[in-house]
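Summary of the model geometry
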Amino acid sequence: MALVSMNELLPKAKAGKYAVGQFNMNNLEFAQAITQAGMELNAPFIFGVSEGALKYMGIEYTVALAEASAKKSGLPIALHLDHGSSFDVAMKCIRAGFSSVMFDGSHHSYEDNIRLTKEIVKAAHAMGVSVEGELGTIGGTEDDISVAEENANLAKPEEAIRFYEETGVDALAIAVGTAHGMYAGVPKIHYDIIEQVARAIPISLVLHGGSGVPDQMLIDAIKAGVTKINVNTENQVAGTQAIRDVLNKDAKVYDPRKYLTPARNAMVEVVKSKIILFGTSNKS
Ligand code: G3H
Ligand code: ZN
């Protein structure tokens, strides 16, 4: 099966009141683990690729890995640029074979965010590619992007509604209290913002910073109207811990397969648990 746009996945999730997982792909083992989990549970999913991961893997390898996953699994899989920073990066990804892009204009003024997102939507839609926008600022750290807690701003419902109407995005990430990376305490999710926006606009709402959020809070976020949840750090933590365990047990290990296999297995378990929690099993 070829890669699909998020529009093949998210409207069904909104109608069915479940969420599709965006699992970030950082290398071959991530691609394999996420695909295996999806295959075991017959679940659609989205590969998120940040600009940092793109730089690490190279765009040709990235697209080839995602296409191989779609071909091997027969599942509907979207390959999505995560937190894209410019029109040029988005177009480069689309030309290379991405089926979806995010433009994160949250560091721009509200009006500039609308203007820049709109340009990307126009070009992406002409090529059948879906677009996610972002409103408000999500705290924490992902790749080289860090937003201090005091600079994280919640999205305003009326601004989110106008943002959708003016840009025509297919999905909208709204800052509602989650953050990138693991949490020191428990995040405070503003379900009222999710409910208000989800009721007012027909597109998908995206929850970034899904790692480390207690299960019940994610269930409540889906109930409030979230239909895409992003998870990256939890896979990184689980994979790296598995590698550490192997190397701590035996300092003589040098074959990467000896520590990458447990890392991959650990990530399969993380992704499976999220798919079950998000209600995406058997939704392919
Ligand atoms: O865009 C990616 C996600 O928002 C990652 O969030 O750091 O909680 O896994 P996470
Ligand atoms: Zn994010």
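The shown structure was predicted, so the numbers you read here are calculated from the model rather than taken from an experiment. (Residues numbered from 1 in each chain as written. Chains lettered and ligands numbered in written order. Predicted model: local features only at pLDDT ≥ 70, side-chain atom pairs only at ≥ 80, totals over all residues. Heavy atoms only, no water.)

A few points about the overall build of the chain
Along the backbone of the chain there are 11 helices and 11 strands. If one aligns the C-alpha atoms of the chain with their principal axes, the spans along those axes are about 60 × 40 × 35 Å. Looking at the chain as a whole, 56% of its 284 residues are labelled buried. Considering only contacts in the chain between residues 6 or more positions apart, those separated by 24 or more positions represent 73%. Total accessible area on the chain is roughly 12500 Å²; 53% of this is exposed by carbon and sulfur atoms. (Helix = DSSP H or I, 4+ residues; strand = E, 2+ residues; numbered from the N terminus. Buried < 20%, exposed > 50% of the residue type's maximum accessible area, 1.4 Å probe, protein only. Contact = heavy atoms within 4.5 Å. Areas by Shrake-Rupley, 256 points an atom, 1.4 Å probe, with all protein chains shown as cover.)

Observations regarding the sheet that holds strand S5 (residues 130-135)
An order of S1-S2-S3-S4-S5-S8-S10-S11 is seen for the eight strands of this closed barrel, with the pairing classed as parallel. Sheet twist, expressed as the average angle between the axes of neighbouring strands with direction ignored, equals 25°. One ladder, built from three bridges, connects strand S8 (residues 171-174) with strand S10 (residues 204-207); its direction is parallel. Bridge pairing links Leu172 to Leu205 in S10. Where helix H9 (residues 215-224) meets the sheet, its contacts fall on S10 and strand S11 (226-231), and the angle it forms with S11 comes to roughly 145°. (Pairing = 2+ DSSP bridges. Axes fitted to C-alpha atoms, helices over the stretch in contact; angles between N-to-C directions.)

Focus on the packing of aromatic side chains
Per the stated rule, a full pass over the model turns up one aromatic pair. Taking 5.0 Å as the distance between ring centres and 80° as the angle between the ring planes, the aromatic pair formed by Phe45 and Phe47 counts as edge-to-face. We note that Phe45, like Phe47, is buried. Here Lys283 stacks its cationic end above the ring of Tyr18, 4.8 Å away from the centre of that ring. (Phe/Tyr/Trp six-rings, centres within 6.5 Å; stacked < 30°, edge-to-face > 60°. Lys NZ or Arg CZ within 6 Å of the ring centre and 35° of its normal.)

Some points on the coordination of the zinc ion (ligand 2)
Donor atoms from the polypeptide that bind the zinc ion (ligand 2) are His83 (NE2), His180 (NE2) and His208 (ND1), placed at 2.1 Å. Of note, the donors binding the zinc ion (ligand 2) are all from one chain and are spaced H-x96-H-x27-H. Here His83 is found in strand S3 (residues 77-84), whereas its partner His180 is found in strand S9 (residues 179-180), with 97 residues between them in sequence. Across the pair, His180 and His83 agree in class, each one buried. (Donors = N, O, S within 2.8 Å, 3.2 Å for Na, K, Ca; no water.)

Overview of the pattern of salt bridges
Counted by the stated rule, this structure contains eight salt bridges. Notably, a salt bridge pairs Glu132 with Lys228, separated by 2.7 Å at the nearest N-O pair. Separated by 96 residues along the polypeptide, Glu132 in strand S5 and Lys228 in strand S11 bring together distant segments of the chain. Overall, the relative accessible area of 0% leaves Glu132 in the buried class. Measuring nitrogen to oxygen at the nearest pair gives 3.0 Å for the salt bridge that ties Lys274 to Glu234. Of this pair, Lys274 sits in helix H11 (residues 256-278) while Glu234 sits in helix H10 (residues 233-249), placing them 40 residues apart in sequence. With a relative accessible area of 18%, Glu234 lands in the buried category. Bridged by salt links that share partners, the residues Glu111, Arg162 and Glu166 form one connected network. (Salt bridge = Lys/Arg side-chain N within 4 Å of Asp/Glu carboxyl O.)

Regarding the environment of Pro44
Here Pro44 lies in the loop between helix H2 (28-41) and strand S2 (45-50). The contact partners of Pro44, leaving out residues within four places of it in the chain, are Leu9, Val20, Pro76, Thr280, Lys283 and Ser284.

Points about the environment of Ile46
Looking at where Ile46 falls in the secondary structure, it is placed in strand S2. For Ile46, the residues in contact, after removing those within four places along its chain, are Met6, Leu9, Leu10, Val20, Gly21, Gln22, Phe23, Ala78, His80 and Lys228.

Some points on H11
Taking 1.5 Å of rise per residue, 23 residues should cover 33 Å, and H11 covers 32 Å from first to last C-alpha, within 8% of that figure. Those residues of H11 not exposed but buried are Ala263, Met267, Val268, Val270, Val271, Lys272, Lys274, Ile275, Leu277 and Phe278. With a side-chain oxygen lying 2.9 Å from the backbone nitrogen of Arg257, the N-terminal cap of H11 falls on Asp255. At the C-terminal side of H11, Gly279 shows a positive phi close to 80°. (Expected span 1.5 Å × (residues − 1). Polar contact = N/O pair within 3.5 Å; in protein donor to acceptor, adjacent residues only side chain to side chain.)

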